[in-house]
Amino acid sequence: MKKKALIFGITGQDGSYLSELLLKKNYEVHGVKRRSSSINTNRIDHIYQDPYQKKRNFILHYGDVTDSTSVSQIIKKIKPNEIYNLAAQSHVAVSFEVPEYTANADALGALRILEAIKFHNLQKITKFYQAGTSEMFGKVQAIPQNEKTDFYPLSPYGVAKVYAHWITRNYREAYNIFASNGILFNHESPRRGETFVTKKIISAMCRIKFGKQKKLFLGNLYAKRDWGHAKDYCLAMWKILQYKKPDDFIIATGKQYSIKQFINLVAEKLKMQIIWKGKGLNEKGYNNKKEPIIECDKNYFRPLDVNTLLGDSSKAKKLLKWKPKINIKMLIEEMIEFELKNISK
Ligand code: NAP
Ligand code: F7E
């Protein structure tokens, strides 16, 4: 019999790559999407519109992780073998603006799913994956960060995800549910949301190169991140649930770049020259005509920012035989190619 997977957050970046992966592995994939006034299925339309997948293997349900009834009913009806909780208000800066909603979706969302597994007595059938994040490390207590590093979140998003992490462990220990946490560092792709920094930089710099945009406004240029590719990281999620026991795993590349270094790598690939001048809010990136094309805008700074993140995924390498295949240059190349195709359309 085919394995059934249920993905909360199927319309997001990771939901789309994970769906493709699970369909390739011959799963029946169920996904929960929210009702929205404009179309929110762009990342999965290519799967849904494939007549073969739509009829047999790819089924969407309306629901919301802030709504216990829909969560419980969907889980009761499908009785999935694997649940991936990727649903979240996932923007760190936005979490400062909507902290209560972020807690409801990102913290209590995980609890609602775990409660439904327990309430419907699915402990022996259903495994649970929680989408944890390096943002939980916040003000980092060790460098690099591994599974033993203490959390010190610096945003409502990070705090909500710490709750989800611990409630996942709690249900694992209290009720014997196969519930695992992935602690994933930043991962990007052409399908990344437009307001995350990598996508914003690449999209703007491609447009600037072809005269379709004049300037790019950014916040903190000195934050450092450990960036991988979403495709590699979705494979890790699946491997985490195939491991012989529930556990927690760091998923990262072990390499770190600042936002400014990331911009320089993009510029290099696009054969654009950027000369940096000035300091603080007055720091600017100039093109070869001495025109400022990158500037700082205080609106893009957060009340608190995570300055440095660097993951140590030796445990995943050893136990899951997982390691990233796509490095930062390959990631940038793929994202640029995608943007350039869009521009030429
Ligand atoms: P994303 O693109 O923002 O996708 C989030 C998904 O959650 C979307 O499908 C969204 O639906 C859905 N969602 C939001 N609120 C919901 C609610 N109340 N009920 C049901 N669904 C809801 O995020 P992503 O980059 O794919 O990340 C996937 C997960 O991993 C998230 O939980 C994120 O916090 C976590 N994470 C991400 C990273 C990263 O670097 N990408 C790193 C670590 C952890 P709509 O399409 O309708 O908005
Ligand atoms: O910011 C700085 C910003 O929004 C990265 C989410 O997927 O990864 C993501 O969270 C850095 C921060 O990602 C702009 O201050 C400068 O230091 O791309 P980001 P994030 O906050 O790291 C983690 C692992 C998750 O779990 C989250 O769900 O870039 N930055 N200027 C900027 N960031 C944005 N968005 N926009 C700017 O203009």
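Our subject is the structure listed above.
Scoring rules and cut-offs
Residues numbered from 1 in each chain as written. Chains lettered and ligands numbered in written order. Predicted model: local features only at pLDDT ≥ 70, side-chain atom pairs only at ≥ 80, totals over all residues. Heavy atoms only, no water. Near = heavy atom within 4 Å. Polar contact = N/O pair within 3.5 Å; in protein donor to acceptor, adjacent residues only side chain to side chain. Areas by Shrake-Rupley, 256 points an atom, 1.4 Å probe, with all protein chains shown as cover. Phe/Tyr/Trp six-rings, centres within 6.5 Å; stacked < 30°, edge-to-face > 60°. Lys NZ or Arg CZ within 6 Å of the ring centre and 35° of its normal. Buried < 20%, exposed > 50% of the residue type's maximum accessible area, 1.4 Å probe, protein only. Helix = DSSP H or I, 4+ residues; strand = E, 2+ residues; numbered from the N terminus. Pairing = 2+ DSSP bridges. Right-handed = clockwise from strand over helix to strand, strands pointing away. Axes fitted to C-alpha atoms, helices over the stretch in contact; angles between N-to-C directions. Contact = heavy atoms within 4.5 Å. Nonpolar A, V, L, I, M, F, W, Y, C, P; charged D, E, K, R; others polar. Core = buried A, V, L, I, M, F, W, Y, C linked by side-chain atoms within 4.5 Å.

J.: When you look at the site of ligand 2 in this model, what are you seeing that I'm missing?
T.: Within the structure, ligand 2 sits among 22 residues, and Ser90, Thr133, Tyr157, Arg302 and Asp305 are positioned closest to it. The backbone of Ser90 places a nitrogen or oxygen atom 2.7 Å from an oxygen atom of ligand 2. Contact between ligand 2 and Thr195: a nitrogen atom at 2.9 Å from a main-chain N or O atom of the residue. Burial of ligand 2 by the protein chains amounts to 95% of its free accessible area of 700 Å².

J.: Quick question: what am I supposed to make of the packing of aromatic side chains here?
T.: We describe a pair of aromatic rings using the distance from one ring centre to the other and the angle between the two ring planes. According to the stated counting rule, one finds eight aromatic pairs in the structure shown. Taken together, the aromatic side chains of Phe137, Phe151 and Phe185 make up a single cluster linked through ring pairs. One residue, Arg192, lies across the ring of Phe196, its end atom 3.9 Å from the ring centre.

J.: I keep staring at the pairing of strand S2 (residues 28–33) and nothing clicks. Help me out?
T.: Within S2, six of the six residues are buried, which leaves it mostly tucked inside the rest of the structure. Of the two faces of S2, the one carrying Glu28, His30 and Val32 and the one carrying Val29, Gly31 and Lys33 are both buried. Sheet topology note: the strand S1 (residues 4–8)/S2 ladder contains five bridges and is parallel. Its bridge partner being in S2, Phe8 is matched across the sheet by Val32. Crossover handedness for the path S1 to helix H1 (residues 13–24) to S2: right-handed.

J.: Just checking my understanding: could you explain the sheet that holds strand S15 (residues 292–296) for this structure?
T.: Strands belonging to one sheet form pairs held by backbone hydrogen bonds; the direction of such a pair is parallel or antiparallel. In spatial order, the strands read S8-S15-S14-S13; together these four strands make up an open sheet with mixed pairing. The outermost strands of the open sheet, each flanked by one partner alone, are strand S8 (216–218) and strand S13 (275–277). Between one strand axis and the next, the sheet turns through 20° on average, direction left out of account. Examined bridge by bridge, strand S14 (residues 284–286) and S15 share three bridges and lie antiparallel to one another. Looking at the pairing, Gly285 lines up with Ile294 of S15. Strands in contact with helix H8 (residues 197–209) are S8 and S15; relative to S8, the strand with the most contacts, it is inclined by about 160°.

J.: Got a minute to help me understand the site of ligand 1 in this structure?
T.: Looking at ligand 1, there are 25 residues lining it, with Thr11, Arg34, Asp64, Ser90 and Tyr157 nearest. A distance of 2.8 Å separates an oxygen atom of ligand 1 from a polar side-chain atom of Lys161. Between a nitrogen atom of ligand 1 and a side-chain N or O atom of Arg192, the distance comes to 3.2 Å. For ligand 1, whose accessible area on its own is 890 Å², the fraction buried by protein is 90%. Of all the secondary-structure elements, those providing two or more residues to the shell around ligand 1 are H1, strand S5 (127–133) and helix H7 (156–175). The leading source of residues in the shell around ligand 1 is S5, at three residues. Taken together, the residues that form the shell around ligand 1 break down as nine nonpolar, eleven polar and five charged.

J.: What should I look at first to understand the nonpolar core in this one?
T.: Proteins that are soluble and globular tend to have nonpolar side chains buried together. With 34 residues, the main nonpolar core has Leu18, Leu22, Tyr84, Tyr129 and Ile251 as its most contacted residues. Mapped by element, the contributors of at least two residues to this core are S1, H1, strand S3 (58–62), S5, strand S6 (178–184), helix H9 (230–242), strand S11 (248–251) and helix H11 (314–320). A per-element tally of this core places H9 first, with eight residues. Residues in contact with Leu18, not counting those within four places in the same chain, are Ile7, Tyr84, Leu86, Cys234 and Met237. Formed by 31 residues, the second largest nonpolar core is a distinct cluster that contains Cys206, Ile263, Ile326 and Ile343.

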